[in-house]
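Per-entry structural report
Chain residues, written in single-letter form:
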Amino acid sequence: MAYQIRALVNIDWIGDGSGPMSVPGAQTLQVQVGNFFGAVTLGGNSAPVQVPGADAPTTGNISTACTTLATQVAALLNAKIGQIQGFASGSG
């Protein structure tokens, strides 16, 4: 495979009425698909997504890889749902 897709995703808790995501005390969980050297993730990681199509991927190949990437991100976040739900009470 000639191409791969990686993603570094944060899920942040923003308290009701606290405004935009500039809240410095917001609790955050970060997950990664693919290797980001030096990134420390509290939510886990998985391998990068290979883009089908070798050296000549099509738009369909990119769409397939993006769907796979989204599925992996969802699985990583779903595995931490208890921690995510605890953000609102400060126990996340």
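Preceding this section is the structure that the text describes.
Here the structure is a predicted model, which means the values were calculated and not measured. (Residues numbered from 1 in each chain as written. Predicted model: local features only at pLDDT ≥ 70, side-chain atom pairs only at ≥ 80, totals over all residues. Heavy atoms only, no water.)

All right, on to the overall build of the chain then. Summing up its helical and strand segments, the chain has 2 helices and 5 strands in all. The order of α-helices and β-strands along the chain, N terminus first, is β-β-β-β-β-α-α. Taken over 92 residues, the chain has a buried fraction of 25%. A sequence separation of at least 24 residues applies to 54% of the contacts in the chain between residues at least 6 apart. Of the roughly 5600 Å² of accessible surface on the chain, 58% is carried by carbon and sulfur atoms. (Helix = DSSP H or I, 4+ residues; strand = E, 2+ residues; numbered from the N terminus. Buried < 20%, exposed > 50% of the residue type's maximum accessible area, 1.4 Å probe, protein only. Contact = heavy atoms within 4.5 Å. Areas by Shrake-Rupley, 256 points an atom, 1.4 Å probe, with all protein chains shown as cover.)

The next thing to look at is the nonpolar core. Membership of the largest hydrophobic core comes to 14 residues, with the highest contact counts inside it found for Val 33, Leu 69 and Leu 77. Among the secondary structure elements, those contributing two or more residues to this core are strand S3 (28-33), strand S5 (49-51) and helix H1 (59-78). Broken down by element, this core gets its largest block of residues, 5 residues, from H1. (Core = buried A, V, L, I, M, F, W, Y, C linked by side-chain atoms within 4.5 Å.)

Now for H1. Between its first and last C-alpha, H1 extends 28 Å over 20 residues, near the 28 Å set by a 1.5 Å rise per residue. If you check which residues of H1 are buried, you get Asn 61, Ala 65, Leu 69, Val 73, Leu 76 and Leu 77. For H1, the arc enclosing every buried residue in end-on projection is 140 degrees, short of the 170-degree limit, so these residues lie on one face. Facing away from the buried side of H1 by over 90 degrees, the exposed positions are Thr 67, Thr 71 and Asn 78. Of the surrounding elements, those touching the buried residues of H1 are strand S1 (3-5), strand S2 (7-12), S3, strand S4 (45-46), S5 and helix H2 (81-86). (Expected span 1.5 Å × (residues − 1). Arc of directions from axis to C-beta.)

Don't take any of this as a statement about function, it's just geometry.
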